[in-house]
Amino acid sequence: MRTAHPEDLGPAPRNAAQLFQELMRFRVREILLISSPYDAFTLSEDGSLYESLLDEYVGFGLTHMPNLTHVSRGDEALSLAEEPGRFDLIISSLHLEDMHSVEMVHRLREQSIDTPVVLLTYDNRELASLLHGDRARVFDRVFAWQGDFRILLAIINLIEDRANFERDTALVGVQSIILIEDDVKFYSSYLPLIYTAVFEQTADLIAEGVNPAHKLLRMRARPKIILCSTYEEAWEYFEQYHETILGVVCDIEFPRAGGPDVAAGFDFARNVIQSHGDIPVLLQSHDAANRARAEEVGASFLRKDSPTLLRDLKQYMMEHFGFGDFIFRGPDGTEVQRAEDLRALEDALLEVPDESIAYHGRRNDFSRWLKARTEFDLAHRLRPSKVSDYGSIAELREHLLESIRQHRRGHQRGRVVDFDADTFDPARSFARVGGGSLGGKARGLAFANTLLATGALDTESTGVRISVPPAIVLGTDVFDRFIEDNDLLAFAIRCNDDAEILDRFRAAAFPREETDALLTYLGAVHYPLSVRSSSLLEDSQFMPFAGVYETFMLPNNHRDAAVRLEQLLDSVRRVYASTFYQSAKHYLRSTPYRLEEEKMAVVVQQLVGAPHGDRYYPDVSGVARSYNFYPADPMTPEDGIAVVAIGLGKHVVDGRATVRFCPRYPRHLIQFSSVEDGVGYSQRTFYALELPAPDTATAPAEPGRLVVESLERAEQDGVLGAIGSTYSRENNALYDGISRDGTRVVTFAPILKSGLFPLAEIVERELAAGRRGMSGPVEIEFAVNLSVPSGTPREFFLLQIRPMAIDREVERLAVVDVAPESLVCRSTQVLGHGASDNILDVVVVDPDRFDRAQSVVVARELALVNTELEQQSKPYLLITIGRLGSADPWLGVPVRWDEISGARVIIETQMRGMRIVPSQGGHFFQNLVASGIGYLTVDGDNSESFVDWNWLAGAPGDYRGTYVRHLRLHDPLRVVVDGQRGRGLVAKPGTWQR
Amino acid sequence: MKATLESNYVSDVMAEVKEKHPAQPEFHQAVHEVAESIAPLLEARPEYRKKKIFERIVEPERVVMFRVAWQDDRGEVHVNRGFRVQMNSAIGPYKGGLRFHPSVNLGILKFLAFEQVFKNSLTTLPMGGGKGGCDFDPKGKSDDEVMRFCQSFMSELFRHIGPDTDVPAGDIGVGGREIGYLFGQYKRLRNHFTGVLTGKGLGWGGSLIRPEATGYGCVYFALEMLAANKQEMKGKTCLVSGSGNVSQYTIEKLLQLGAKVVAVSDSAGYIYDEQGFDRDKLVYLMDLKNNRRGRIKEYADRFPKAVYTAVDPKLGYNPLWTHKADCAFPSATQNEINAKDAENLVKAGVRLVAEGANMPCTPDAVEVFHGAGVLFGPGKAANAGGVSVSGLEMSQNSQRLSWSRDEVDAKLHHIMRSIHDTCLRASERYGRKGNYVDGANIGGFLKVADAMMDQGLS
């Protein structure tokens, strides 16, 4: 790895006149982050990143807190980085808007720019393929993002440590920890932990310091971490610095002498302990059988796949490395308060002495601090506030306070603020309760909120109020405390009975402080609520966890606030419990994550809708995607697709009958091209929340009840007029609106065709804004409330925004023209991108036996075969009929995601005599794409696409039940899916060569 | 000798047809089927052969093929190909649907037009045969695009049609909306408000009883079959399959005539209601299927005495057809009654089967019915009610009158009686008494052939 010292990079940075400049001389001051805005937002979330950086940098009076410059394009990065010494560190995500990051680094090096470049990637699959080849070597270090913002802190510290280690060790003998680990994912999750522990220890040291200068020295002299990937590298460090090595944390299998060595760790441990018996060594492995051997050589041992690995590791470090408690001190040399957030800053401004305000005012510290927290508006407002502009310090102080208050009052929108009863606006605010992360879903919401607030989606031109529903988020710390206080972790990880988990969680005590906050919150809000999971891993790119955890709805209309509170707490507990349900555990097993890494935040949000008697529902719910996998002329994939339904969104995400439209061509409704099909497959019922009488004496502490209602009800409620059309049997025609007699059909014609509400325009604009914000295709969930009091604007609510999981591999795969005789299947409608040549097992729904009425049985049979093949780790090709994963068993096979999770390639064929438009609203679909499964559609109308049923019927295999056949082939199939050109094929065994 | 004559004649005609109409397999097939079924007739009527009636009847009187250029919503220009095959006008103006579908080509339209000639003839109404359409794909088109296309299509077609010349109707891809746009354009070009199209909206020239026509007609046909055997519908126990338009109105008419309906089905299963349907149950069923569009299973939840049986694909037959009854009205889908079902029906005492759907009985099943002496009303006769009401729409337009439901219903009954009589007479005359399949084939052909004879060479 290259190291860069400021001296080499240009003029010395500002504020260098510090006493302890000699230590930690190389600091990362300027970071260039190259990623989509959403990735950047993910990192900084709501400012937590900067809080942490502040804790370390500003909090200890080290004035050079790093600045983060963010760009989303490679060419922009290249031109910015040209300026010598401009950046100390470049952090890049894998895909940039205009080029691959590998290409970007090559061009950087061609321009002789040697700033360290670190790759921070979100995509485990691509990471694996990148590491497999040589291409990753262009990066100074590769890290995997796993939902913990502290990775950034770890990266900065690691880069700094590597640069300063030699010098600092020589100067004052700073300690170091050698971490030997060549697995990117593992060191990416270790490093933040080890650094946190290091800072904690340092804080202890500072507390014991005798004077400020001493404290500062100790802070700067904190132990360094040396990350090594090979035996030789590690041993060289050890030999040279053994006097100052605090400990060794060591993998067992890592490269030695140019190749992998399964016992390198044992040798390393033995050699260390033999030469320095007092240096603790911790060995780690996936294989429990290694424990004995580790103990033999005198090392400690931890299993890498232990669900509590992180806790164990921390515990080990606590015990063996001597780490203890952590206390923060204020900024500046003198005793001053600490401000954790804007509110704390405001409080502190009331109390701190004039000198302090003058001091910081001169140095623009307020402005700088706010900028780091992305409070740009306020920062800019404060910047011209020099002391000389004011008659007195008191005036300056008043100006500062007033600016902050104004800001807090006026700009809660687009911000995640700490919940505060005084400022919480039940119609608009987005606030948090408790610390920790917001989780994936809430992060998406917060990002949407930011998009709206920054005017990307202005409301003026449409006359519609566009917003994110007001919400509070219970941070992951609340979850941690709940689990810890009630001692639930070990039980929940171990327990295989969902009902038992639920019982224990429901009976557990909720943290006092948050209970009070929720009671205050309920005092302000009197609308129905939606209680949604927002886990760390949920909705992270490429790992959607869509629909894995639970969501609850609450009428929140009981007269007694205590009843409402109990209902809310019960729902939160249920969401917590669902973290540990079998389906979630099962899902996690199919991901690279450990259950212990998963933490749950909870979003408590206004449920969008309007009361209609004893029912509550929105006029429209929908999901839209900026990329359409099934475009029909004249649409292009980039025109996107939306699916909408009347009532609550459950109808849409369950994949039931909806109206699909392209936001650019809202009048081109494919599904109503044929009157019979349009009427036959349209929405007939919808979901609503039951509103019980507000004084029900025996109101249960349970979530609200969803009820299925008929269109008749919607018509009585006056909702159908904007949504419906009328089918006339007499005239064999579908008429827009419901003014004529006939059968009511949900078509959304009055909205989409007659311009009753600019739904398509808003959806199109939001998709475009989301696409810009995330530098890639996005998916949004939304709801529309047209049932508003007259004179108030109709409302469009953005419920979720997340990156769409689309594979964009660098290498293209060629689907060459292969003779049809040698193919099992060819398709011109595919999803995914990749090739596979190791599939020996084929699971086929027999087309001759298949029967729509028995699709539930088919699903059960598929699940059984899936379980068996998954246990044997055999990937398989699934060939099915109708819409897969449909909630309506009449449209296809209603399997859940985990019932076919072992399939690597799926071929969906058309049901005989029935045209079924593939669902694009379902969670199922999202999971499918995210898991990188090749998905081929064979449409009877298209002669280019076919399945060779005869060949399948002749292949050796047996029936597994009545409808499902399991074929066992002797030679593998070859599957090639070219998602960019929309072609895919499955070649018969023996017709192709590796 | 007879077999040789028939087969020689048929093969000669087929050879000529294939030579003159190459690459139109659908048309060849249709001609072949008609030629086979009327071979005995051609032997009995040498004048037909002399005047080359069959050779003439397979040749369309006129085919119009034209360019249809239209602009989509983005201003892009598209060019499609429009057709009107005017097959035969011996007994009335050309009559037959327009089809908008990418699969449309001349061969398919000729095949459809050829079949239409005999279907229309059988109704006993003055309607010739034709068919038309375009390779336009309505899938994913906006209303405005469909309108512009229809206007362009009619801008050429209007010169070739008229209330006394050619009266198109709807078909695949042409529903009420398209008929409206086409009619509007015709009116604009001709400045005539006439019955130039059927399938019009009720408020502007459409006829009542269109959704009911097929179901009512099927029951009337069955009624006439019974009457010819000195029986009545009253008191008969009936099985009806399906639960769509045809089934619902079959049940309604059966109830009006005093029959007892005990079974009805959908694709998931069937209901057996031993007590029989009544008006209230039918109203419930119609609301369930038409408005709520629910599953028939719910019927059994609402009326607990009814028994619901789910479809069991492991059985080689449909248990619906095993219940004791007098009459069966298969009105669901193609091939829903196989030979096994037919045997079960015979065993269950069924003496009459009338096809409400298109070809619900397999050829094997039909053979079983004929072998057991069951009265069998084939779809081409028994479900001709739909076509008939199109004819009645023309009549009302010509008279500038809109008949009441009862009037249309009465006329429909009258037509179905005529169809029945035509079939029965033809079957009698050509030695197949009671075989309504042959009767329908021969009856439809005879009327056209005789008209052509009468009108001289053309």
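Every chain is numbered independently, its residues counted from 1 as its sequence is written. Chain A is the first chain written and ligand 1 is the first ligand written, with later ones labelled in order. Confidence filtering applies because this is a predicted model: local features only for residues at pLDDT of at least 70, side-chain atom pairs given and counted only at 80 or more, and all residues used for totals across whole chains, interfaces and linings.

**Re the overall build of chain B**
In DSSP terms, a helix is any run of H or I states spanning at least four residues, a strand is any run of E spanning at least two, and both are numbered starting from the N terminus. What chain B contains, in helices and strands, is 17 helices and 12 strands. To sort residues by burial, count the other C-beta atoms lying within 10 Å of each one's C-beta; a count of 20 or more means buried, 12 or fewer means exposed, and anything in between means partly exposed. C-beta atoms are built from the backbone. Burial analysis of chain B (458 residues in total) assigns 52% to the buried set. Note on contacts: residues are paired as contacts if their backbone-placed C-beta atoms lie within 7 Å. Long-range pairs, those at least 24 residues apart, make up 73% of the contacts in chain B with a sequence separation of at least 6.

**Considerations on the overall build of chain A**
Along chain A, the regular secondary structure elements total 33 helices and 41 strands. By residue count, 50% of the 994 residues in chain A fall in the buried class. Long-range pairs, those at least 24 residues apart, make up 72% of the contacts in chain A between residues at least 6 apart in sequence.

**Digging into the confidence of the model for chain A**
Residue and element names in this part refer to chain A. Per-chain confidence: chain A averages 78 in pLDDT, with 76% of residues scoring 70 or above. As a per-residue measure, pLDDT tells how confident the predictor is, with possible values from 0 to 100. Under a pLDDT of 50 for its full length, residues 1-21 has, in the predicted model, 34 contacts with residues more than four places off or in other chains. Contacts from residues 57-63, a stretch scored under 50 in pLDDT, to residues over four places away or in other chains number 17 contacts.

**Things to note about the interface of chain A and chain B**
Listed per partner, the contact involves 23 residues of chain A and 29 residues of chain B. Side-chain classes are defined by residue name, with Ala, Val, Leu, Ile, Met, Phe, Trp, Tyr, Cys and Pro counting as nonpolar, Asp, Glu, Lys and Arg as charged, and the others, Gly among them, as polar. Per-class residue counts for the side of chain A that touches chain B are 6 nonpolar, 8 polar and 9 charged.

**Quick look at the packing of helix α8 (residues 210-228) of chain B against helix α16 (residues 405-429) of chain B**
Each pair of packed helices can be summarised by the angle the axes make with each other and by the distance between the axes. Residue and element names in this part refer to chain B. Axis definition: a line fitted to C-alpha atoms, limited for helices to the stretch in contact. Angles are taken between N-to-C directions and run from 0 to 180 degrees. It is the contact of α8 with α16, at a shortest axis distance of 9 Å, that shows an interaxial angle of 50°. Judged by the angle between their axes, α8 and α16 are oblique. Seen along the crossing, α8 lies across α16 with a hand that is right-handed. On the side of α8, the interface is formed by Ala213, Tyr216, Gly217, Tyr220, Phe221, Glu224, Met225 and Ala228, while α16 contributes Asp409, Leu412, His413, Met416, Arg417, Ile419, His420 and Leu424. Residue composition of the contact of α8 with α16, grouped by class: 10 nonpolar, 3 polar and 3 charged. An angle below 35 degrees is read as roughly parallel, one above 145 as roughly antiparallel, one from 65 to 115 as roughly perpendicular, and any other as oblique. Handedness of a helix crossing follows the sense of rotation of the near helix relative to the far helix, less than a right angle counterclockwise being left-handed and clockwise being right-handed.

**Re the packing of α16 of chain B against helix α17 (residues 436-454) of chain B**
Residues and elements named next belong to chain B. Contact geometry of α16 with α17 gives a least axis separation of 7 Å together with a crossing angle of 100°. In terms of orientation, α16 lies roughly perpendicular with respect to α17. Contact residues: α16 offers Thr422, Cys423, Leu424, Ala426 and Ser427, while α17 offers Tyr436, Asp438, Gly439, Ala440, Ile442, Gly443 and Leu446. Along the lines of polarity and charge, the residues of the contact of α16 with α17 split into 7 nonpolar, 4 polar and 1 charged.

**Comments concerning the sheet that holds strand β8 (residues 245-251) of chain A**
All names here are of chain A. Here, any two strands with at least 2 DSSP bridges between them count as paired. Pairing within the open sheet is parallel, and its 5 strands lie in the order β7-β6-β8-β11-β12. The sheet is open, and its two borders are formed by β7 (224-228) and β12 (300-303), each paired with just one other strand. Neighbour-to-neighbour, the strand axes of the sheet open up by a mean angle of 20°, direction not taken into account. Relative to strand β11 (residues 281-285), β8 is paired through 4 bridges, and the arrangement is parallel. Opposite Cys250, over in β11, you have Leu283 as the bridge partner. This element, helix α10 (residues 231-241), spans β6 (176-180), β7 and β8 of the sheet and lies at about 165° to β6.

**Looking at the sheet that holds strand β6 (residues 237-240) of chain B**
All names here are of chain B. Strands sit in the order β9-β8-β7-β6-β10-β11-β12 across an open sheet of 7 strands; the sheet is mixed. Whereas interior strands pair on both sides, the edge strands pair on one side only; in this sheet they are β9 (307-310) and β12 (375-377). Looking at each pair of strands side by side, their axes are set apart by 15° on average, direction ignored. Its contacts with the sheet place helix α9 (residues 245-256) against β6, β7 (260-266) and β10 (327-329), and it is angled at close to 175° to β7.

**Examining the environment of Glu500 of chain A**
Counting through the fold element by element, Glu500 of chain A comes out in helix α22 (residues 498-507). For Glu500 of chain A and Tyr581 of chain A, which are 81 residues apart along the polypeptide, the C-alpha to C-alpha distance reads 10.0 Å.

**Topic: α16 of chain B**
Counted at 1.5 Å a residue, the expected span for α16 of chain B with its 25 residues is 36 Å, and the 36 Å between its end C-alpha atoms agrees. Directly beyond the C-terminal end of α16 of chain B, a positive phi value near 75° is found at Gly431 of chain B. Under the convention used throughout, the expected extent of a helix is 1.5 Å for every residue step, that is, one less than its residue count.

**Some thoughts on the nonpolar core**
Counting residues in each nonpolar core, the largest one holds 134 residues, and the members touching the most others are Phe221 and Ala222 of chain B. Broken down by element, the residue count for this core peaks at 10 residues, all from α8 of chain B. Setting aside residues up to four positions removed in sequence, Phe221 of chain B forms contacts with Ala354, Gly377, Ala381, Ala382, Met416, Ile419 and His420 of chain B. The nonpolar core is taken to be a set of buried Ala, Val, Leu, Ile, Met, Phe, Trp, Tyr and Cys residues joined by way of C-beta atoms within 7 Å. Counting residues in each nonpolar core, the second largest holds 123 residues, with Val623, Ala642, Val653 and Val784 of chain A among its members.

**Concerning α8 of chain B**
All names here are of chain B. Along its 19 residues, α8 runs 27 Å from first to last C-alpha, staying within 8% of the 27 Å computed at 1.5 Å per residue. Across the 19 residues that make up α8, a large majority, 17, are buried. Immediately beyond the C-terminal end of α8, within one or two residues, lies Lys230, with a positive phi of roughly 60°.

**What about the environment of Val893 of chain A?**
Residues and elements named next belong to chain A. As for its placement among the helices and strands, Val893 is situated in the loop between β35 (876-881) and β36 (903-909). A residue is classified by how many C-beta atoms lie within 10 Å of it, and Val893, with 31 of them, is buried. Considering only alpha carbons, one finds Val893 and Val845, 48 residues apart in sequence, at a separation of 9.6 Å.

**Some words on the confidence of the model for chain B**
All names here are of chain B. Taken residue by residue, chain B gives an average pLDDT of 92. The fraction at 70 or more is 98%. The low-confidence segment residues 1-5, where pLDDT is below 50, has 2 contacts with residues more than four positions distant or belonging to other chains. Scored as a complex, the prediction yields pTM 0.69 and ipTM 0.89.

**Structural notes on unusual backbone geometry**
Positive phi is not limited to glycine here, since Ser873 of chain A has a value of about 55°. Structurally, the position occupied by Ser873 of chain A is in the loop between α31 (855-871) and β35. Note on Ser873 of chain A: 7 C-beta atoms within 10 Å, which makes it exposed. The residue Arg400 of chain B is not glycine, and still its phi comes out positive at about 55°. In this fold, Arg400 of chain B is placed in the loop between α15 (385-399) and α16. What makes Arg400 of chain B exposed here is the crowd of 10 C-beta atoms within 10 Å.

**Topic: the pairing of strand β1 (residues 30-34) of chain A**
Residues and elements named next belong to chain A. With 4 of 5 residues buried, β1 lies mostly within the body of the structure. Of the strand pairs in this sheet, β1 and strand β2 (residues 67-71) are connected by 5 bridges, and their pairing is parallel. Looking at the pairing, Leu33 lines up with His70 of β2. Bridge analysis of β1 against strand β3 (residues 89-92) gives 4 bridges, and the strand direction is parallel. Bridge pairing in β3 links Ile31 to Leu89.

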